[in-house]
Amino acid sequence: MNAMQEYAIIVAGGSGNRMKSEIPKQFLRINGLPILMHTINAFRKYSEAINIILVLPSNQIAFWTQLCEEHLFSITYTLVAGGDSRFASVKNGLQSIQGNGGLVAVHDGVRPVISNEIIAASFTKAAEQGSAVTSVPLKDSIRKVEANGENAAMDRSVFQLIQTPQTFRLDWMQKAFETGYSDQFTDCASVLEAAGFPIHLIPGSYENIKVTTPEDLRWAEIYLQKP
Ligand SMILES: Nc1ccn([C@@H]2O[C@H](COP(=O)(O)OP(=O)(O)OP(=O)(O)O)[C@@H](O)[C@H]2O)c(=O)n1
Ligand SMILES: C[C@](O)(CO)[C@H](O)COP(=O)(O)O
């Protein structure tokens, strides 16, 4: 039997408001290389055959082209313009895929510390069960805060922090993303769940951080220094 075609949609269509940097955070350099190049390199290292779809803000494509020339970055991928929300950016990436067979991993461009093992485990689980969503247990205590300011301790053992990659059967993704935007759709798992598909969790890693605010850059720098 032929192996299933694998796709990776790397979403980097955001503007990075919380980072408060002059350029969108996906282009900030860590250890000399833009964050997004670390992420793309990780997926290409995982597989020469994987079809990478890169989603960028349309007004940043010229800047990205310039960065690629500067860093002699020659990895092949399909380039797609992003949308107003992460949901819209994923949808644009999805629409660039022909056919409905195979598996698709969606990964945040700003999660550069992604291991080969997690990418591989996520495709393996999605091949077996249709979905694989990376997650880690909480390490801090949590409290629920009500609108009136009252707060109460919650049982953290029943929660997981959700990461990417989130990998699914391509036909499930296409079906689920036929829907319109909702602000509840903070990731792909919430979209597939709303469409009735089962969500299977796999272990992620505490190093697989989403670079969101300035202090995250220091951690990513340390984690990316590993041999
Ligand atoms: N319209 C959007 C918004 C976000 N993303 C991507 O989704 C990932 C996770 O989003 P987030 O960390 O929130 O990035 P930003 O939206 O850029 O950041 P902020 O919310 O601080 O503005 C990022 O790789 C981001 O580029 C995207 O592709 N398209
Ligand atoms: C997809 C995600 O990274 C999973 O944790 C997260 O939901 C993205 O959230 P953001 O508000 O777009 O950063």
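Residues numbered from 1 in each chain as written. Chains lettered and ligands numbered in written order. Predicted model: local features only at pLDDT ≥ 70, side-chain atom pairs only at ≥ 80, totals over all residues.

Condition: UniProt positions are given in the numbering used here, feature names are shortened, and annotations may be inferred rather than shown by experiment.
An unreviewed UniProt entry lists the protein chain under the name 2-C-methyl-D-erythritol 4-phosphate cytidylyltransferase, from Dyadobacter psychrophilus. If you open the UniProt record of the protein chain and go to Function (unreviewed entry), you find "Catalyzes the formation of 4-diphosphocytidyl-2-C-methyl-D-erythritol from CTP and 2-C-methyl-D-erythritol 4-phosphate (MEP)." Word for word, the UniProt comment on the protein chain under Pathway (unreviewed entry) is "Isoprenoid biosynthesis; isopentenyl diphosphate biosynthesis via DXP pathway; isopentenyl diphosphate from 1-deoxy-D-xylulose 5-phosphate: step 2/6."

## Quick notes on the pairing of strand E1 (residues 6-11)
To keep things clear, this is the line we draw: Between the buried cut of 20 or more and the exposed cut of 12 or fewer other C-beta atoms within 10 Å of a residue's own C-beta lies the partly exposed class, and all C-beta atoms are placed from the backbone. Numbering goes from the N terminus for both helices and strands, where a helix is a DSSP run of H or I of at least four residues and a strand is a run of E of at least two. Should DSSP find at least two bridges between two strands, the strands are regarded as paired.
Counting buried positions over the six residues of E1 gives six, a clear majority of the element. Residues Glu-6, Ala-8 and Ile-10 point to one face of E1 and Tyr-7, Ile-9 and Val-11 to the other, with burial holding for every one of them. Here six bridges tie E1 to strand E6 (residues 103-108), and the two strands are oriented parallel to one another. Considered in E6, the bridge of Ile-9 is made with Val-106. Both E1 and strand E4 (residues 51-56) contribute to a ladder of five bridges, which runs parallel. Within E4, the residue paired with Val-11 across the bridge is Val-55.

## A look at the sheet that holds strand E7 (residues 131-137)
The test is simple: In this analysis an axis means a line fitted to C-alpha atoms, helices contributing only their contacting stretch, and an angle means the value between N-to-C directions, from 0 to 180 degrees.
With mixed pairing, seven strands are arranged side by side in an open sheet as E5-E4-E1-E6-E10-E7-E11. Only two strands of the sheet have a single partner each, and these edge strands are strand E5 (78-81) and strand E11 (201-203). Adjacent strand axes in the sheet meet at a mean angle of 30° when their direction is disregarded.

## Looking at the site of ligand 1
Quick note on the threshold: Here, nearness means that the C-beta atom of a residue, built from backbone geometry, sits within 6 Å of the molecule or strand in question. Residues are grouped as follows: nonpolar covers Ala, Val, Leu, Ile, Met, Phe, Trp, Tyr, Cys and Pro; charged covers Asp, Glu, Lys and Arg; every other residue, Gly included, is treated as polar.
Around ligand 1, the surrounding shell holds 21 residues, and the nearest of these are Gly-13, Gly-14, Asn-17, Arg-18 and Ser-89. Tallied by class, the residues present in the shell around ligand 1 amount to four nonpolar, 12 polar and five charged.

## Regarding the packing of helix H1 (residues 35-46) against helix H4 (residues 116-129)
To keep things clear, this is the line we draw: Between 65 and 115 degrees an angle is taken as roughly perpendicular, under 35 as roughly parallel, over 145 as roughly antiparallel, and anywhere else as oblique. What makes a crossing left-handed is the near helix being turned counterclockwise from the far one by less than a right angle; a clockwise turn instead makes it right-handed. Two residues qualify as a contact pair if the distance between their C-beta atoms, derived from the backbone, is within 7 Å.
Closest axis-to-axis distance for the H1/H4 pair is 9 Å, and the angle between their directions is 60°. Considering their axes alone, H1 and H4 lie oblique with respect to each other. Every pair of crossing elements has a handedness; the one defined by H1 and H4 is right-handed. Where H1 abuts H4, its residues Phe-43, Lys-45 and Tyr-46 lie against Asn-116, Ile-119 and Ala-120. For the contact of H1 with H4, the class distribution of residues is four nonpolar, one polar and one charged.

## Considerations on the UniProt feature "site: Transition state stabilizer" (unreviewed entry) in the protein chain
Here the UniProt feature "site: Transition state stabilizer" (unreviewed entry) sits at Arg-18 and Lys-25. Topologically, Arg-18 is positioned in the loop between E1 and strand E2 (29-30). In contact with Arg-18, other than residues within four places in its own chain, are Thr-212 and Thr-213. Mapped onto the elements of the fold, Lys-25 is located in the loop between E1 and E2. Judged by local crowding, Lys-25 falls into the buried class, with 26 C-beta atoms found within 10 Å. Apart from residues no more than four positions distant in its own chain, Lys-25 is found in contact with Gly-16, Met-19, Ile-35, Val-110 and Val-211.

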